[in-house]
Amino acid sequence: MHGTRLGIGSVLAAGMLALAPTASAVTPTTATITFDCGSYGSGSASLTATQSGTAATINVSTSAITAPINVGANSVKSTLTLTNKGAGSVTFTGSSNPAIPAGSPVSTGLLNGTVASGDSLEATSLKVVVFGISVTCNATSAQAPGPFVF
């Protein structure tokens with residue numbers, strides 16, 4: 001009797017594991033790109049991507065823009081625009097930046113977007129709004145080692 005219960009419990013557990021959603025993997029998970037932000041500066045940016053099904057996040061940290069004064073957490077509204085296979089665009093948005101000390105590079109925190117299997121996304125621009133001031137940075141290099149493939 002005990003063996004039967006254990007067997008049923010094992011079968012149920014295995015079935016639940018089979019039904020658990022699997023996390024999709026984006027490749028590469030990190031990339032670099034160079035941005036020109038006009039009079040606000042230019043420089044390199046590091047992008048880190050994660051994916052869970054159709055939900056994805058990208059975090060951008062860039063030396064192209066530095067904070068002129070201390071910037072509080074969750075106060076920078078950011079929009080990262082990416083091209084999908086060279087046609088059409090996808091945006092990732094958010095305002096979950098960490099606190100940024102004066103003179104430090106800007107970090108967007110997690111930007112959220114929706115992806116589909118097979119999307120191949122490469123950053124084209126980053127727009128940040130801090131204290132009502134809008135800064136648009138345009139990509140001046142290709143994303144290396146290449147686009148994020150979901």
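To be clear, the structure that these remarks concern was listed above.
Every chain is numbered on its own, with residues counted from 1 as its sequence reads. For a predicted model such as this one, the threshold for reporting local features is a pLDDT of at least 70, and the threshold for listing and counting side-chain atom pairs is 80 or more; totals across whole chains, interfaces and linings nevertheless cover every residue. Excluding hydrogens and water, the side-chain figures rest on all heavy atoms present in the structure.

Observations regarding the pairing of strand β7 (residues 120-130)
Here is the rule we go by: At least two DSSP bridges between two strands are needed for those strands to be called paired. Helix and strand assignments come from DSSP, with helices taken as H or I runs of at least 4 residues and strands as E runs of at least 2, each series counted from the N terminus.
Where strand β4 (residues 77-84) and β7 come together, eight bridges link them in antiparallel fashion. Looking across to β7, one finds that K77 is bridged to V129. The pairing of β7 with strand β9 (residues 148-149) spans two bridges and is antiparallel. Within β9, the position partnered with S120 by the bridge is V149. As defined by bridge partners, β7 adjoins strand β8 (residues 133-139) across six bridges and the pair is classed as antiparallel. Bridge pairing links V129 to S134 in β8. Count of turn residues in the β7/β8 antiparallel hairpin: two residues, of which F131 carries a positive phi of about 50°.

Things to note about the state of the cysteines
Test applied: Defined by distance alone, a disulfide is two cysteine sulfur atoms within 2.5 Å. Think of it in three bands: with a 1.4 Å probe and only protein chains considered, a residue is buried below 20% of the maximum accessible area for its type, exposed above 50%, and partly exposed in between.
Applying the stated criterion to the full structure yields one disulfide. With a sulfur-sulfur separation of 2.0 Å, C37 is cross-linked through a disulfide to C137. Between C37 and C137 the sulfur-sulfur dihedral comes to about 110°; the bridge is accordingly right-handed. One end of the pair, C37, is in the loop between β1 (30-36) and β2 (42-52); the other, C137, is in strand β8, with 100 residues separating them in the sequence. Across this residue pair, the class does not change: C37 and C137 are buried.

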